[in-house]
Amino acid sequence: MKIDLSQPTRGGITEPKIKSEEILILLDDDFNSSNVCIVTGAASGIGRATAVAAAANNLTTVGLDLNEEEGKRTQQMAKEKGGRMVFLKTDLTRDDEIEGAVQEAAKLGYIKFLVNIAGFQHIDSIENFPMEKYDLMQRIMLRAPFFLSKLCIPHMKKGPSGTGVIGNMASIHAHICTVNKPVYNITKFGLRALSQSISAEGNGKIRSFTVSTGFVKTPLVLNQIPSQAEQRSISQEEVVHDIMMGKSRVKDMMAPIETANLFMFGFSRYARYLVGGDLLFDGGIVLTY
Ligand code: NAD
């Protein structure tokens, strides 16, 4: 999904730049350049911020995405932060491309971390939901994370410490179901099951976790604002304040780097008891009333 750069602000919200001082840098023996971190969706939004944060934390980062031009921009951003990222154009609907990407990543070091972030939204009721969209969402947002996990776990087991961590980008929609997002809800609930299943089989050596946020300032969200305003006959500012942030106690929308930092924490030694759990950082949407 591309944002119209001639109009980067929607409803008072602009996609923020990633500043070095906002990146959570952690001291961890596993955060070194022999270890590889694969990040999907690395050409935009949360995936981009996570790839930049992983590279800044000294991991050899491999970013996967369909969008080559923006993926290369992320690679450049990682370099500017002093890190190393290799971008591999990969269509996550294609098993052969996923397999090829993991093989390439393994040549760069030990695959120790995987973050499944790529995804998209389609808004329709169950009765109107196009089945080809169902299949595409299922394929990119649930099957690809499963297949990547299946391919990366043997590499993690083979590494010097036999350990690895897989982070999956869920959402408040992995906890609550809102109208007209049935397949998004299904895939996000599914990612929690995937993280718990990986952790159950991982015997404390391979662990997995999910990150669940509310709305984050990315093209996925910014691009929804004008159509939501039109559909509801309200201003773009009202869409942001009343609809998107309406149930959040924190009214300032999260920045992508704040989400990326949660993955860095979840990967680190500080999170060794995070085994199948979910990092719910949603401004109180799910747990307060
Ligand atoms: P985004 O649109 O900015 O980025 C998504 C990326 O996924 C894009 O770069 C796109 O090219 C890539 N992608 C899509 N299809 C692909 C495919 N077939 N192969 C490879 N790459 C593909 O979106 P974002 O807001 O950064 O969202 C990233 C993830 O975070 C999604 O899973 C989304 O559900 C989740 N999430 C987002 C928010 C939010 O408010 N932005 C909140 C909670 C969860």
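Procedures and definitions
Residue numbers here run from 1 along each chain, matching the order of that chain's written sequence. A pLDDT threshold of at least 70 governs which residues receive local features in this predicted model, and a stricter bar of 80 or more applies before side-chain atom pairs are shown or counted, although totals over entire chains, interfaces and linings include all residues. As a convention, hydrogens and water are excluded, and side-chain values are obtained from all of the structure's heavy atoms. UniProt positions are given in the numbering used here, feature names are shortened, and annotations may be inferred rather than shown by experiment. Throughout, nonpolar core names a set of buried Ala, Val, Leu, Ile, Met, Phe, Trp, Tyr and Cys residues whose side chains join them through atoms within 4.5 Å. For each residue, the accessible area found with a 1.4 Å probe, counting protein chains only, is set against the maximum for its type, and the residue is called buried under 20%, exposed over 50%, and partly exposed in between. Secondary structure counts use DSSP, requiring at least four H or I residues in a row for a helix and at least two E residues in a row for a strand, with both numbered from the N terminus. We call two residues contacting when some pair of their heavy atoms lies within 4.5 Å. Here a helix's expected span is defined as the number of its residues, less one, multiplied by 1.5 Å. Arc, as used here, means the arc of the directions from the helix axis to the C-beta atoms. Here a polar contact is recorded for every N or O atom pair within 3.5 Å, except that within protein the pair must consist of a potential hydrogen donor and a potential acceptor, and residues adjacent in sequence are included only if both atoms are side-chain atoms. Strand pairing is assigned whenever DSSP identifies at least 2 bridges connecting the two strands. Lines fitted to C-alpha atoms define the axes here, with helix axes fitted over just the stretch in contact, and angles between the N-to-C directions of these axes take values from 0 to 180 degrees.

Within an unreviewed UniProt entry, the label attached to the chain reads SDR family oxidoreductase, and the organism entered is Desulfomonile tiedjei. According to the UniProt record, the Sequence similarities (unreviewed entry) comment for the chain reads "Belongs to the short-chain dehydrogenases/reductases (SDR) family."

## Examining the nonpolar core
Cys37, Phe209, Ile257, Phe263 and Phe267 are the most contacted members of the largest nonpolar core, which has 37 residues in total. Of all the elements in the fold, those that place two or more residues in this core are β3 (35-40), α1 (45-56), β5 (85-89), β6 (110-116), β7 (164-169), β8 (206-213) and α9 (256-267). Looking at which element gives the most residues to this core, the answer is α1, with seven residues. Not counting chain neighbours up to four residues away, the residues in contact with Ile257 comprise Ile18, Glu22, Ile23, Ala49 and Ala53. Ala105, Met137, Ala144 and Leu194 belong to the second-largest nonpolar core, a separate cluster that totals 33 residues.

## Considerations on unusual backbone geometry
Backbone geometry at Asn180 places phi at a positive 65°, although glycine is not the residue there. Counting through the fold element by element, Asn180 comes out in the loop between β7 and α5 (182-202). In this structure, Asn203 is a non-glycine residue whose phi angle is positive, near 50°. Positionally, Asn203 belongs in the loop between α5 and β8.

## Notes on the environment of Ser197
Secondary-structure assignment places Ser197 in helix α5. Separated by 11 residues in sequence, Ser197 and Ser208 have C-alpha atoms that sit 8.5 Å apart.

## Some words on helix α2 (residues 68-80)
Helix length check: α2 (13 residues) gives 18 Å between terminal C-alpha atoms against 18 Å at 1.5 Å per residue, within 8%. Taken together, the buried positions of α2 are occupied by Glu70, Gly71, Thr74 and Ala78. For α2, the angular spread of the buried residues around the axis is 105°, confining them to a single face. Those residues of α2 that are exposed and aimed more than 90 degrees away from the buried face are Glu69, Lys79 and Glu80. For α2, the side-chain oxygen to backbone nitrogen distance between the N-cap and Glu69 is 3.4 Å, and the N-cap itself is Asn67. Downstream of α2 by a residue or two, Gly82 has a phi angle that is positive, lying close to 85°.

## Regarding the sheet that holds strand β9 (residues 278-281)
Strands sit in the order β5-β4-β3-β6-β7-β8-β9 across an open sheet of seven strands; the sheet is parallel. With one partner strand each, in any of the chains shown, β5 and β9 form the two edges of the open sheet. Pairwise comparison of adjacent strand axes, ignoring direction, gives a mean angle of 20° for this sheet. Bridging between β6 and β7 involves four bridges; their strand directions are parallel. By the bridge assignment for β7, Phe113 is matched with Val165. Sheet strands touched by α1: β3, β4 (60-65), β5, β6 and β7. Its angle to β3, the strand with the most contacts, is close to 170°. Of the strands in this sheet, β3, β4, β6, β7 and β8 touch helix α4 (residues 131-158), which is tilted by about 160° from β6.

## Considerations on α1
Because the α-helix completes a turn every 3.6 residues, residues three or four places apart line up on one side. For α1, spanning 12 residues, the distance from its first C-alpha to its last is 17 Å, which sits close to the expected 16 Å at 1.5 Å a residue. Of all 12 residues that make up α1, 11 are buried, and the element is covered over most of its length. Buried within α1 we find Gly45, Ile46, Gly47, Arg48, Ala49, Thr50, Ala51, Val52, Ala53, Ala54 and Ala55. Where α1 ends, the next residue or the one after it, Asn58, has phi of about 80°, a positive value.

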